[in-house]
Amino acid sequence: MNISKNGLDLIKKFEGCKLTAYKDSVGVWTIGWGTTNADKAITSTTITAGLTISQAKADSWLEQSVNSKYVPKVMKYNSIYKWNQNQLDALTSFAYNIGSIDGLTNNGKRSISEISSKILSYNKAGGKVLSGLTTRRKAEKALFDKKTATVYTEGWKQDSKGRWYQYSDGSYLKNCWKTINGADYYFKASGYIATKEYVKSDSYSTNGKLYYVDEKGKWDGKVYKWEKDEKGWWLTQFKGVWYPKEEWCFIDSKWYYFDKKGYMVTGTKTIDGRIYSFRKDGSLVE
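Residues numbered from 1 in each chain as written. Predicted model: local features only at pLDDT ≥ 70, side-chain atom pairs only at ≥ 80, totals over all residues. Heavy atoms only, no water.

Notes on the overall build of the chain
As a reminder of what qualifies: By the criteria applied, helices consist of DSSP H or I runs no shorter than four residues and strands consist of E runs no shorter than two, each listed in order from the N terminus. To get the radius of gyration, use the C-alpha atoms; to get the globule rule, take the number of residues to the power 0.38 and multiply by 2.2 Å. The contact rule is simple, with two residues in contact once any of their heavy atoms fall within 4.5 Å. In these tables, accessible area is a Shrake-Rupley quantity obtained with a 1.4 Å probe, and a residue counts as shielded only by the protein chains included in the view. Asp and Glu count as negative and Lys and Arg as positive, but His and the ends of the chain are not part of the count. Taken as the charge location is NZ of Lys, CZ of Arg, CG of Asp or CD of Glu.
Within the chain, the secondary structure is distributed over nine helices and 17 strands. Relative to a compact globule of 286 residues, whose C-alpha radius of gyration would be 19 Å, the chain shows 33 Å and is clearly more extended. Considering only contacts in the chain between residues 6 or more positions apart, those separated by 24 or more positions represent 39%. Here the chain displays about 16,500 Å² of accessible surface, and carbon together with sulfur accounts for 48% of that area. Treating the 46 positive side-chain charges of the chain as one cloud and the 30 negative ones as another, the clouds have centres 7 Å apart.

Some details on a positive patch on the surface
Quick note on the threshold: Patch construction takes residues with relative accessible area above 30% that form no salt bridge. Like charges are linked within 9 Å, and nonpolar side chains (Val, Leu, Ile, Met, Phe, Trp, Tyr) are linked within 5 Å. The term salt bridge refers to a side-chain nitrogen of Lys or Arg lying within 4 Å of a carboxyl oxygen of Asp or Glu.
Taken together, the side chains of Lys231, Lys260, Lys261 and Lys269 present a region of like positive charge at the surface. Among the structural elements, Lys231 can be located in the loop between strand E12 (224-229) and strand E13 (232-237).

Remarks on the packing of helix H7 (residues 112-119) against helix H8 (residues 131-145)
A packed helix pair is summarised by two numbers, namely the angle formed by the two axes and the spacing between the axes. Keep this limit in mind: All axes are obtained by fitting lines to C-alpha atoms, using only the stretch in contact for helices, and the reported angles, taken between N-to-C directions, cover 0 to 180 degrees. For this classification, under 35 degrees means roughly parallel, over 145 means roughly antiparallel, 65 to 115 means roughly perpendicular, and everything else is oblique. When the near helix sits turned anticlockwise from the far one by under a right angle, the crossing is termed left-handed; a clockwise turn instead gives a right-handed crossing. Note that Gly is not counted as nonpolar here; it falls among the polar residues with everything else outside the nonpolar set of Ala, Val, Leu, Ile, Met, Phe, Trp, Tyr, Cys and Pro and the charged set of Asp, Glu, Lys and Arg.
Interaxial distance between H7 and H8 falls to 8 Å at its minimum, and their mutual angle equals 160°. In terms of orientation, H7 lies roughly antiparallel with respect to H8. Crossing of H7 against H8: the hand is left-handed. Contact residues: Ile112, Ile115, Ser116 and Ile119 in H7; Arg137, Glu140, Lys141, Phe144 and Asp145 in H8. Taken together, the residues of the contact of H7 with H8 break down into four nonpolar, one polar and four charged.

So, the pattern of salt bridges
Condition: Residue exposure (1.4 Å probe, protein chains only): buried if accessible area is under 20% of the type maximum, exposed if over 50%, otherwise partly exposed.
A complete count under the given rule lists ten salt bridges for this structure. Of the charged contacts in the structure, one is a salt bridge between Glu140 and Arg136, with a shortest N-O distance of 3.1 Å. A residue pair is termed a helical-turn pair when its members lie 3 or 4 positions apart in one helix, as Glu140 and Arg136 do in helix H8 at four residues. The exposure class assigned to Glu140 is buried, which follows from its relative accessible area of 1%. By relative accessible area, which is 3% here, Arg136 ends up buried. Sharing partners across several salt bridges, the network here consists of Glu15, Arg136, Arg137 and Glu140.

What about the environment of Tyr96?
With respect to the helices and strands, Tyr96 occurs in helix H5 (residues 85-98). For Tyr96, the contacting residues outside a window of four places in its chain are Ile11, Glu15, Trp33, Gly34, Leu62, Val66, Tyr70 and Arg136.

Let's talk about the nonpolar core
Put simply, the test is: For our purposes a nonpolar core is just a set of buried Ala, Val, Leu, Ile, Met, Phe, Trp, Tyr and Cys residues, chained together by side-chain atoms within 4.5 Å.
Trp83, Leu91 and Ile101 are the most contacted members of the largest nonpolar core, which has 33 residues in total. Those elements that provide at least two residues to this core are helix H1 (5-14), helix H3 (55-75), H5, H7 and H8. Counting residues per element, this core draws most heavily on H3, at seven residues. Setting aside residues no more than four positions away along its own chain, Leu91 makes contact with Val74, Trp83, Ile101, Leu104, Ile115 and Phe144. Ranked by size, the runner-up nonpolar core spans ten residues in total, among them Tyr198, Tyr224, Ile251 and Phe258.

Okay, structure coming up:
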């Protein structure tokens, strides 16, 4: 993890920035948000009298310095606390000001709630309470305590039950067709894609159409529908002559079996040596 813009903005709120080199209170050449020659591995620049830099450069040097020097001081306790982004940002600001979070965490022995409460006590210098430090500690505590929104990566997800498509806000498709990367998929009520089955169209009650999706969930591009004559029902390609024979078909989440002439089976039938029962509508009794 690295510090975020929120964390950098918090540091900048309480730190000064000078774009021309100057000597600090102990005579160290400094520039930007407190960058010194101790940061030469980052800046590749010797800070001395007359040096000037842009605001963008000052911001870049600050971010690199914070991520290389202060974030590690916080992350060394990550195995204990599993910091979220707001906690990391707040504690990095704290470390940037104090030097570390060792004392604040009591070397990893304090709980999250204890750390939160303890932040406010670090508002003194020389034994005296400073209003500026009090304000900074309150801001760091507020960020530390702020809940983080869960961020999801948009795209395909999969588990033992199947695949689904999730958006960055955590929502996912269900009860609908969706074209993704040029292929059409049907997402069931559970959110998982339908696979190896015939799926009803959204307006099935009026047009009776069915669509087959393959083992990867992709629509095969053809349209199917139920047909009936005096001998019974069968499934056929819309405006075509194809129909399944001696075949199991999963249609709208139910199993059906079609005999050697292509008719839907009802009642009881032995298939591959096993007896099955089917309802009047042809769906398998499971």
